[in-house]
Amino acid sequence: MHRLDVVLPAGTYAVEIASGLLDSLGQRLRPLHRQAWAVIADATVAALYGPRLLASLDQAGLPCRLLTFPDGEAHKTLATVETLSGQLLEFGLARDGGIVALGGGLVGDVAGLAAALYMRGVPYVQVPTTLLAMIDASVGGKTAVNLGEVKNCIGRFHQPAHVCIDPEVLQTLPPGEFASGLGELAKYAMLDKAFYEWVEHEISGEIISPDPPCAVPVATGSQPGQTRGPGGSAPWSGPWSGPCLSAAIAHCVGIKAGVVTRDELESGERMLLNYGHTFGHGLETVLRFSRPHGWCVAQGMRLAAVLAVRLGLCDVSLPTRQDALLKRLGLLEPFPSIPASALLAAMQTDKKKHAGGLTFVLPRAIGVLEVVRNVPDVDVLQAITLLQL
Ligand SMILES: NC(=O)c1ccc[n+]([C@@H]2O[C@H](COP(=O)([O-])OP(=O)(O)OC[C@H]3O[C@@H](n4cnc5c(N)ncnc54)[C@H](O)[C@@H]3O)[C@@H](O)[C@H]2O)c1
Ligand SMILES: [Zn+2]
């Protein structure tokens, strides 16, 4: 079992990572002393894991109900939050109740926002079921829904009360969604050189090396995230075996926990976690969400690296080295042929825009990223064009 704490002024919450945790969720929720729990999931995850979760809560004597909404970004809206809130009311959930977000990053965002708003806020617990949500979205308290084509336009910071990660559920995750999580993992690798080198060495071809042995470097400078541990022990048949996968998840969570502890509201260091995301969110919009979030982030990282070279921030070898990592993770494909101007226009609706030009997180080296403001449109257009050559 890996366990680490996210330490914040308003309180500390634990992130637990181990195979089989899903079945003991009820026991883990008891110390939170809520009178009832609503479990929110999308239709796919509800069918796969809803009954197991309800059985676990039942066994622990916790009144609960499963609420669902359809899969997909099109349903990441205030209308869904409103519908769910009506169902929470009908269930009778009061301020002494709690919400479980069971699913990928999308469910975490929607259920988290419902938890932030319902009755002026009730506690919620994240039970992420995609690799992306395990290593990124479930920790840090960002909740949001989209407004029209603007991603995550309406939201709040609302920290979970607990995060429970059971990597076994990844066995049912479609390969494309697993690859999407690897995109976010590549982002963490670019934040931490030691982890980058570990990922670079543990991966051969398209298959990620089996376990054991597996030693993950401790996240640099993220004290709450120090997570060396024995890893999970249950059998694992996915592309990553149990201990190695659990260790990699724990490492990414460790980096994120450290960053969130130091900059909860994203006024500084936390912005670095948006590496690849300004371009990535633009791509998601232009491609009408036809490719998963992490895939778009990976392509956004490629654009960011080319842009950094163009602005003289990093060596020309950096995009090539980053591409090699993305290739090993199965994320390197010919860049989609979209008009550069369409991608720029999509990014100009991004929340991170400031007067004078777009803001990007750009690399100076592997493990060294920085926020660069007011980047001229002409350089952005040139970077997009260069990647399409
Ligand atoms: N709040 C944050 O900090 C944060 C960070 C990153 C991304 N996000 C958001 O997360 C969303 C993307 O999340 P995602 O990539 O996890 O995708 P997702 O939540 O949309 O899930 C993708 C698909 O996989 C299915 N699925 C989930 N778990 C499964 C499992 N174990 N087995 C089988 N199918 C499963 C879902 O039903 C869905 O159809 C985006 O909306 C993005 O904006 C939020
Ligand atoms: Zn992301």
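This structure is a prediction, so every number in the text was calculated from the model and none was measured. (Residues numbered from 1 in each chain as written. Chains lettered and ligands numbered in written order. Predicted model: local features only at pLDDT ≥ 70, side-chain atom pairs only at ≥ 80, totals over all residues.)

Engineer: Describe the pairing of strand 5 (residues 98–103), naming the residues involved and giving the relevant values.
Structural biologist: Extensive coverage of strand 5 is indicated by the burial of 6 of its 6 residues. As defined by bridge partners, strand 3 (residues 37–42) adjoins strand 5 across 4 bridges and the pair is classed as parallel. Across the sheet, residue isoleucine 40 finds its bridge partner in strand 5, namely alanine 101. For strand 5 and strand 6 (residues 124–128), the ladder comprises 5 bridges, and the chain directions are parallel. Along strand 6, the bridge assignment pairs isoleucine 99 with tyrosine 124. You can see the chain leave strand 5, run along helix 4 (residues 105–117) and come back into strand 6, and the turn it takes is right-handed. (Buried ≥ 20, exposed ≤ 12 C-beta atoms within 10 Å, placed from the backbone. Helix = DSSP H or I, 4+ residues; strand = E, 2+ residues; numbered from the N terminus. Pairing = 2+ DSSP bridges. Right-handed = clockwise from strand over helix to strand, strands pointing away.)

Engineer: Just give me the short version of the sheet that holds strand 3, but keep the residues and values in it.
Structural biologist: The mixed open sheet is built from 7 strands, whose spatial order is 1-2-9-6-5-3-4. Looking at the sheet topology across the chains shown, the edges are occupied by strand 1 (2–8) and strand 4 (64–69). Taken over all neighbouring pairs, the strand axes of this sheet differ in orientation by 20° on average, direction set aside. When strand 3 meets strand 4, the two strands line up parallel, connected through 6 bridges. Along strand 4, the bridge assignment pairs alanine 38 with arginine 65. Where helix 2 (residues 43–59) meets the sheet, its contacts fall on strand 3, strand 4 and strand 5, and the angle it forms with strand 3 comes to roughly 155°. Of the strands in this sheet, strand 3, strand 5 and strand 6 are in contact with helix 4, which crosses strand 5 at around 170°. (Axes fitted to C-alpha atoms, helices over the stretch in contact; angles between N-to-C directions. Contact = placed C-beta atoms within 7 Å.)

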